[in-house]
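In case you want the letters, here they are:
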Amino acid sequence: MTTTNSKGTAKAIGRVILNTSRRPMHRRTRIVTLILAIAAVVLALLALGSGDYPLSVPEVLRALFVRDGSFEGTIVTEWRLPRVLAALAFGAALGVSGALFQSLTGNPLGSPDIIGFSTGSYTGALIAITVVGDTYISTSAGALVGGLTTALVVYLLAYRRGVQGFRLIIVGIAITALLTGVNTYLLLRASVEVAMSASIWGSGSISLVGWDQAVPAMIVLVVLAPLVILLSRPLRQLELGDDAAQAHGVRTEPARLAILVVGVALIATVTAVAGPIAFIALAAPQIAQRLGRSAGLPLVGSALTGAVLLLLADFVAQHLFPGGPVPVGIVTVCVGGLYLIWLVAVDRKSSSM
Amino acid sequence: MTIQHTPQQPADTGAVSPTERIRTRRILGWVLAALALVVAIAGSLAIGSRDIPLDVVWNALLHGSDSSSDAVVVLDLRIPRTVAGIAAGLALGVSGALIQAVTRNPLADPGILGVNAGAAFFVALAVGVLGITAVEDYLWFAFLGAFVATVVVYLIGSTGRGAASPAKLTLAGVALGAVLAGVTSAMLLSDPEAFNALQSWNAGSLQFRDWNVILPVLPFLLAGLVLAAAIARPLNAIALGDDVSLSLGVNVLLIRVLSVLAITVLAGGATAIAGPIAFVGLMVPHVARWIVGPDQRWIFAYTLLLAPLLLLVADIVGRIALRPGELPVGIVTACLGAPVLIVLVRRARVSGL
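Residues numbered from 1 in each chain as written. Chains lettered and ligands numbered in written order. Predicted model: local features only at pLDDT ≥ 70, side-chain atom pairs only at ≥ 80, totals over all residues.

**Student:** I'd love a proper account of the overall build of chain A, names of residues and values included.
**Tutor:** For chain A, the helix and strand inventory stands at 13 helices and 0 strands. In chain A, the order of α-helices and β-strands from amino to carboxyl end is α-α-α-α-α-α-α-α-α-α-α-α-α. For chain A, the residues scored as buried account for 48% of the 353 residues in total. Across chain A, every contact between residues at least 6 apart in sequence was considered, and the portion connecting residues at least 24 apart equals 72%. (Helix = DSSP H or I, 4+ residues; strand = E, 2+ residues; numbered from the N terminus. Buried ≥ 20, exposed ≤ 12 C-beta atoms within 10 Å, placed from the backbone. Contact = placed C-beta atoms within 7 Å.)

Spelled out as structure tokens, the structure:
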């Protein structure tokens, strides 16, 4: 492309112009990212310190880094740390999954929790548990297959000369209602032990996450992370439209399929451990976009916002909710539902919904 | 109540005109539906975890309790349950027909638009926070909740540009319903003792409804039905649009207010009896419209039979599906109603009735 000197110079000039014009946005994005990261760390420290046995931040730090077998150390590293890390990692995964889907469908409501994937993952996991038994592999595989199948079914049922946002959402709501019924049926049919463990999980909770559950899920998420980074370039190109993406050398259909699979894999991994946690995937990308004032949906920002949101919601569910601890899914449903109402109320171009 | 709207033509006119043929067919269909309802009532009395032969049921009905256990089951459990099903079905179906007519929204349903969730939330508040246990008292909270939810959803749906479109109204209802249902289940989870009586009720169930729950609600439901019958004819005009109905001499505002009043009483009363049940009010008016066309008076007449029929059949299915356990009727109606919602939203003209 840059065979001649003049072209190279032009490109350099162009880059300079672009840089100067885009620098404020970049700086804002960078600052917002930094602030979100700091907020996540501070919240994590606060969450590690609070509970029936409150600890100050220095005590938490000491317990984290000095392994002297003290009681504080056990509380922080064995009891509270897996939950906090899970909230951060799962929130990030939900945020990224939401950004991938919203970008793919070009609709803020095209997020996996609205269109029923998490309920589908839960159904898949329940079937796997009742048929194969409660192992990590069977649950995750069931959640993945259930989520993917639901995604496909919702997409196909909503397809009618293209997928319109409103239709996708209503079909998703209908499928969610149907699958909720199926889930109740499966739970009522299951043995008492299965039903007990499955129903806590059904409202979306990370209260019972220990290292045994957190580590495998985080390994999966770490494996998925480079794939997300790889997909971010084709994702940006697809946002410009299929023609533009093809002109930039993106094979659109394989790219779209890959994004879909990675997005479902992210949310299914979370659902397999924590159950369906609604609305983080809906809200995180939108909030990140508004905070960073970026053009597309920022993946890093969505991940950080999702992490902060889920940690915050879990903190509220655990300590601040009137009437004692509740599953975090209930908090996210309430907050996210209010956010959805706001989204509907201020919607300026109602055709996009 | 319904016959008064169908002036009988003298049958002895020689040639049968097309309108008369249609009317004969409608009356015939209505009689068939009435027969089906009778069969469903018989089934609801006879079928369950303990199947009772119909002649035993009949004997118990005629001669009262002969202290055999079958007769006790029929008189003390099955009859209240069946009456609860008929009453809740009637109320849900007619309020669905009303809400579809007055919003001109084919996707409207007191469950989908969050009206039932509002009533349930206020009942949970009354029982849990204020310690009210008598149905006569918390019934008013159900009405209040249904009213508030109806008004709030309508306000949210009609703010911003592009006034109350079906899409916005539906989304606003779904979002509000999600928030209220989330808060309600959080309250139920946080204090299982205080909410013991509400646990099965919150899933939408006819199980364990006895007379002191049903009887106080019945007068209100009757009033709501009379009101609905009274405004059926002006609602036909409203279906043509506000301008046309004004020029036809219909007081649109008055009819709207009366409709909201009737919806409130019917949906609130149904929720007080059976908990939040969705999709009955969606499905039945559509089936009725499919049989008789757009005349609200006939739609109401058919809804009066088909809605209790649907709820009783769904309840019977729920009793059979998990013998000896039970599936709550709300779950069954969700499984039946979700496909209907998908079919409706896939139709080309989703915006009009």
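**Student:** Can you break down the overall build of chain B residue by residue, with the values?
**Tutor:** Along its length, chain B carries 15 helices and 0 strands. Pairs at least 24 apart in sequence give 76% of the contacts found in chain B among residues at least 6 apart.

**Student:** Report on the interface of chain B and chain A, specifying residues and quantitative values.
**Tutor:** As a measure of interface size, the accessible area lost when the parts come together is often cited. Taken together, the contacts link 38 residues of chain B with 36 residues of chain A. Of all the elements in the fold, those that place two or more residues in the side of chain B that touches chain A are α6 (166-190) and α15 (329-346) of chain B. Per-element accounting of the side of chain B that touches chain A gives the leading share, 17 residues, to α6(B). Taken together, the residues of the side of chain B that touches chain A break down into 25 nonpolar, 9 polar and 4 charged. (Nonpolar A, V, L, I, M, F, W, Y, C, P; charged D, E, K, R; others polar.)

**Student:** Let's hear about the packing of helix α12 (residues 299-320) of chain A against helix α13 (residues 328-345) of chain A: which residues, and what values?
**Tutor:** Residues and elements named next belong to chain A. Their axes nearest at 8 Å, the elements α12 and α13 cross at an angle of 115 degrees. Judged by the twist between their axes, the crossing of α12 over α13 is right-handed. Every residue of α13 that contacts α12 at A313, D314, V316 and A317 is listed here: V328, I330, V331, T332 and V335. Residues of the contact of α12 with α13, tallied by class, amount to 7 nonpolar, 1 polar and 1 charged. (Axes fitted to C-alpha atoms, helices over the stretch in contact; angles between N-to-C directions. Left-handed = near helix turned anticlockwise from the far one by under 90°.)

**Student:** Now, about the packing of helix α5 (residues 135-158) of chain B against helix α12 (residues 252-274) of chain B: what can you tell me, with residues and values included?
**Tutor:** Residue and element names in this part refer to chain B. Two numbers describe how α5 lies on α12: the axes approach to 8 Å, and their chain directions differ by 130 degrees. Taken together, the axis directions place α5 and α12 in an arrangement best described as oblique. Crossing geometry of α5 relative to α12 is assigned as right-handed. Contacts between α5 and α12 involve V135, Y138, L139, A142, F143, G145, A146, F147 and T150 on the former and, on the latter, V260, I263, T264, V265, A267, G268, G269, T271 and A272. Residue classes in the contact of α5 with α12 are distributed as 12 nonpolar, 6 polar and no charged. (Parallel < 35°, antiparallel > 145°, perpendicular 65-115°, else oblique.)

**Student:** Pulling in residues and values, what's your account of the nonpolar core?
**Tutor:** L311(A), A87(B) and V123(B) are the most contacted members of the largest nonpolar core, which totals 218 residues. In terms of residues, this core owes the most to one element, helix α3 (residues 71-105) of chain A, which gives 16 residues. Here L311(A) is in contact with A40(A), L43(A), A44(A), A47(A), V84(A), A87(A), L88(A) and G91(A), once residues within four sequence places are set aside. (Core = buried A, V, L, I, M, F, W, Y, C linked by C-beta atoms within 7 Å.)

**Student:** Outline unusual backbone geometry, listing residues and values.
**Tutor:** Most peptide bonds take the trans configuration, and most residues that are not glycine carry a negative phi. All names here are of chain B. With phi around 50 degrees, R104 is a residue other than glycine that occupies positive phi space. Mapped onto the elements of the fold, R104 is located in the loop between α3 (69-103) and α4 (115-128). Under the C-beta neighbour-count criterion, R104 is labelled partly exposed, with 18 such atoms within 10 Å. Residue F279 is not a glycine yet carries a positive backbone phi of 80 degrees. Position of F279 relative to the elements: it lies in the loop between α12 and α13 (280-292).

**Student:** Account for the confidence of the model for chain A, naming residues and giving values.
**Tutor:** Residues and elements named next belong to chain A. Looking at chain A as a whole, its pLDDT mean stands at 79, while 87% of the residues score no less than 70. When mean pLDDT is taken per element in chain A, α12 scores highest with 89 and helix α1 (residues 5-49) scores lowest with 68. This model gives residues 1-7 a pLDDT under 50, and the stretch forms 3 contacts once residues within four places in sequence are excluded. Considering only residues more than four positions removed or in separate chains, one finds that residues 348-353, a stretch of pLDDT under 50, has 16 contacts. (pLDDT = per-residue confidence, 0-100.)

**Student:** Tell me about the environment of V343(B), and please be specific about residues and values.
**Tutor:** Residue and element names in this part refer to chain B. Following the sequence through the fold, V343 ends up in helix α15. We classify V343 as exposed; it has 12 C-beta atoms within 10 Å. A C-alpha to C-alpha distance of 27 Å links V343 and S259, two positions 84 residues apart in sequence.

**Student:** Talk me through the confidence of the model for chain B; I want residue IDs and the actual numbers.
**Tutor:** All names here are of chain B. On average, residues of chain B score 82 in pLDDT, and 88% of them reach the 70 mark or higher. In the model of chain B, helix α7 (residues 196-202) stands out as the element of lowest mean pLDDT, 70, in contrast to helix α9 (residues 218-230), which has the highest, 93. Model confidence for the complex is summarised by a pTM of 0.77, with the ipTM given as 0.76.

**Student:** Run through helix α10 (residues 252-274) of chain A, naming residues and quoting values.
**Tutor:** For α10(A), spanning 23 residues, the distance from its first C-alpha to its last is 33 Å, which sits close to the expected 33 Å at 1.5 Å a residue. Directly after α10(A), the chain includes G275(A), whose backbone phi takes a positive value near 80 degrees. (Expected span 1.5 Å × (residues − 1).)

**Student:** Break down the environment of T150(A) for me, with residues and values.
**Tutor:** Here T150(A) shows up in helix α5 (residues 136-158). Discounting chain neighbours no more than four positions away, the residues touching T150(A) are G116(A), F117(A), G120(A), I175(A) and L179(A).

**Student:** Tell me what's going on with the environment of L88(A), and back it up with residues and numbers.
**Tutor:** Residues and elements named next belong to chain A. Mapped onto the fold, L88 is located in helix α3. Taking C-alpha positions, L88 is 23 Å from S294, a pair spaced 206 residues apart along the chain. The contact partners of L88, leaving out residues within four places of it in the chain, are A40, A44, A307 and L311.

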